[in-house]
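Residue-level listing of the chains:
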Amino acid sequence: MRKTVAGLMAGIGFMFACGTPAQSQELTIFWAEWDPANYLQELVNEYEAETGVKVTVETTPWADFQTKAFTEFNAKGSAYDMVVGDSQWIGAASEAGHYVDLTEFFNKHKLSEVMAPATVKYYSEYPANSGKYWSIPAEGDAVGWSYRKDWFEDPKEMEAFKAKYGYDLAPPKDWKQLRDIAEFFHRPDQKRYGIAIYTDNSYDGLVMGVENAIFSFGGELGDYSTYKVDGIINSEKNVKALETYRELYGFTPPGWAKSFFVENNQAITENLAAMSMNYFAFFPALVNEASNPNAKVTGFFANPAGPDGDQYAALGGQGISIVSYSENKEEAMKFLEWFIKDETQKRWAELGGYTASAKVLESEEFQNATPYNKAFYETMFKVKDFWATPEYAELLIQMNQRIYPYVTAGQGTAKEALDALAKDWNATFKKYGRH
Amino acid sequence: MATVVMTSLDSKSRAASRGLSDIKIRNLFIIPTILFLIVFNIFPLIYSLGYSFTDFRASTNAPATFVGLQNYRELLNDPFIWANFAITAKYVIVSVTGQVVVGFGTAMLLNREIPYKGLITTLLLLPMMLSMAVVGLFWKLLYDPSFGIINYALGLGSFEWLANPDMALYAVAITDIWMWSPFVMLLSLAGLSAVPRHLYEAAAIDRAGPFYTFFRITLPLVAPILMIAIIFRTMEAFKTFDLAYILTSQPTTEVISIRLYKMAFQEWQTGRSCALAYIVLIMVLAITNIYVKYLNRVKER
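Residues numbered from 1 in each chain as written. Chains lettered and ligands numbered in written order. Predicted model: local features only at pLDDT ≥ 70, side-chain atom pairs only at ≥ 80, totals over all residues. Heavy atoms only, no water.

- Taking an unreviewed UniProt entry as the reference, chain A is identified by name as Extracellular solute-binding protein family 1 belonging to Sinorhizobium fredii.
- The Subcellular location (unreviewed entry) comment attached to chain A in UniProt states, word for word, "Periplasm".
- Regarding chain A, the UniProt comment filed under Sequence similarities (unreviewed entry) reads as follows: "Belongs to the bacterial solute-binding protein 1 family." (UniProt positions renumbered as here; feature names shortened; annotations may be inferred.)

Next comes the structure, spelled out in structure tokens:
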């Protein structure tokens, strides 16, 4: 009997002894619900096979992503060890102490040389030019364009276009051509429309869309180091850019006032529009014949240049950060060591993830892997982003409130909308003591 | 005999005979309920009132600083907030009026002997049994200018309901009317069936016309129950969030609850949003108070 009890006690002791480390060898990464999160789960399965550490990528719909993540951060919860957070969160999350400072890790691995410069600047560093890093660039992304090659290459259409506009019909090189092509293909009587652009004002859809025009027209949102916005956000260039975006809205399909990435892919798959704006991360669905019956005739191009030749695009994508309240910080750090390896980044790109590794991006193999990787590579070296200050959410909502009525309903003028926005942003920066 | 004995006992003894004394009932049911109310209702209410006088932001680890009435002052001077209140008021008026007209009208039609009356009534109640999210998504498809059945049925071509800033609020209200008119209908039916038949017979003998009968007999007698329906629907419409949020994202449909949600959970202006929540609470209480006073007057008549 004594032996049985001793054996049982030993068994229980062994179970606890094995149980504790097994528990710490589990990591949870929080991200939004989209294809790259599925690719990341595939990638981390390989990490588990290699190391025995189970990594789960937990997802939530985009609309809830920010709210859910910050609710957990605010509660100092340890549900997530790492988060692939949006680029504009970095100021709010780092100043509030939600993210672990990764500066030492970043410098040790010379990541500012390894990763594409724009991804380091916008996904990792805060404040700007401070040399302090809070995340590792994970999913590079930017806005690009898809178009209907069969419509563009139809000889009759080409002839008619040339007769009307005086130049050849081809993927647009600048925003003027983009506008002309959108106008040319806009045929409501045939249920064919010119262009699909972002208009959803719930989060950053519309703002990202307009940023594509603003940056390429040579404009800026403000001075990110001095917080000066007057004369910048409401500059002549930005007014022209916003007017052009409003004009493009006139060539979108009916009911296009709340459209974001899902609808913009549907514009191509459902024969609605000749051209469609979207993040590169959503393009895999467009080359897949199972999700796009027009896959064979879908082409891609980078955001066109503005009137003065400036060519930029709005940055998407995210960096991966360690959550301060994680109980597995050391394990998470080990995971990041694995994640930044060249071979892991290469595999990440093979699975469909958009690596930020400059070496992989520059490789011929990557650029020829899909019809849009080359455009992605070109774009990732000319991207700009929204404010990453802690009050970014207020700035985002104010921008939506000011420009949405103008873009979708033609209320007021572009100048009035941007002047009012400059006033709002000034008041917000004043409230938070930025100047 | 046993029944006689039981009824002759006082309440204390009756509870005791079932094994539950008053003290036990208090300890088992009343105290936990009061505690539950304090923990989940009263405490957050008081706590959030405290936050409404601070600049607290839940997204930061910074402590809350007392700012007095600043949040209230700023909110009441914010033209965007007043625009949100105006949108909410417009929505409440359109939606509740529509529900009362459609619901009461349907009840009048059903308040007569018709075949399959029970089945028709049950089918008409179906919309309010659906979830708001499902109704929102369903109507979004119906309103679609390219393939929605509404434009097809009404011959409106590619008329934009949800993308049109002037029409979007009405589109949300129409959906709400579709969903909640059955509720008004149900209450009205109950009221109509309680009107004594002999009053109509007397009116018929006096050769009273249908309008006279309606305004002098039907409406006054159904009014109290109709007022209850109006109070419920007004309160619900005032705090509408889901339908407007799912159907559109127009500034013209940004009712006050959507603004409050954005302020609290997207901008993380916790103190300010608590102040806004209190302003909304005071307004709802004031409106409800007016309704209840009016209801009491109607009942006294």
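Text resumes after the structure shown.
### A look at the domain arrangement of chain A
All names here are of chain A.
Phase 1: Once the domains are mapped, chain A shows domain 1 (26-142 + 315-384) and domain 2 (143-313 + 389-432).
Phase 2: Contacts between domain 1 and domain 2 engage 28 residues on the former and 28 residues on the latter.
Phase 3: When the two sides are added together, the surface that domain 1 and domain 2 hide from each other amounts to roughly 2,400 Å², 63% of it contributed by carbon and sulfur.
Phase 4: Note that Lys 384 is salt-bridged to Glu 220, the shortest N-O span being 2.4 Å.
Phase 5: At the boundary of domain 1 and domain 2, one finds 13 residue pairs in polar contact (both at pLDDT 80 or more).
Phase 6: For the side of domain 1 that touches domain 2, the elements supplying multiple residues, two or more each, are α2 (35-51), α3 (62-74), α4 (90-95), α19 (373-380) and β11 (383-384). (Domains from an automatic or database assignment. Contact = heavy atoms within 4.5 Å. Buried area = accessible area lost by both parts, 1.4 Å probe. Salt bridge = Lys/Arg side-chain N within 4 Å of Asp/Glu carboxyl O. Polar contact = N/O pair within 3.5 Å; in protein donor to acceptor, adjacent residues only side chain to side chain. Helix = DSSP H or I, 4+ residues; strand = E, 2+ residues; numbered from the N terminus.)

### What to know about the sheet that holds strand β5 (residues 143-148) of chain A
Residue and element names in this part refer to chain A.
Phase 1: Taken together, the four strands give an open sheet; going across it, the order is β6-β7-β5-β8, and neighbouring strands pair in mixed fashion. Whereas interior strands pair on both sides, the edge strands pair on one side only; in this sheet they are β6 (193-196) and β8 (298-302). Between one strand axis and the next, the sheet turns by 20 degrees as a mean value, whatever way the strands run.
Phase 2: Two elements, β5 and strand β7 (residues 273-279), share five bridges in a ladder whose sense is antiparallel. (Pairing = 2+ DSSP bridges. Axes fitted to C-alpha atoms, helices over the stretch in contact; angles between N-to-C directions.)

### Some remarks on the interface of chain A and chain B
Phase 1: Contacts between the two partners involve 34 residues from chain A, matched on the other side by 27 residues from chain B.
Phase 2: Together, Lys 258, Ile 397 and Gln 401 of chain A form the three largest contributors to the area buried by chain A at its contact with chain B, with a combined 20%.
Phase 3: Where chain A packs against chain B, one counts one salt bridge.
Phase 4: Residue Glu 394 of chain A is joined to Arg 57 of chain B by a salt bridge in which the shortest nitrogen-to-oxygen separation is 2.9 Å.
Phase 5: Scanning the region where chain A abuts chain B turns up nine residue pairs in polar contact (both at pLDDT 80 or more).
Phase 6: Breaking the side of chain A that touches chain B down by element, the ones donating at least two residues are α3, α20 (392-409) and α21 (414-431) of chain A.
Phase 7: A per-element tally of the side of chain A that touches chain B places α20 of chain A first, with eight residues.
Phase 8: Grouping the constituent residues of the side of chain A that touches chain B by class yields 14 nonpolar, 11 polar and nine charged. (Nonpolar A, V, L, I, M, F, W, Y, C, P; charged D, E, K, R; others polar.)

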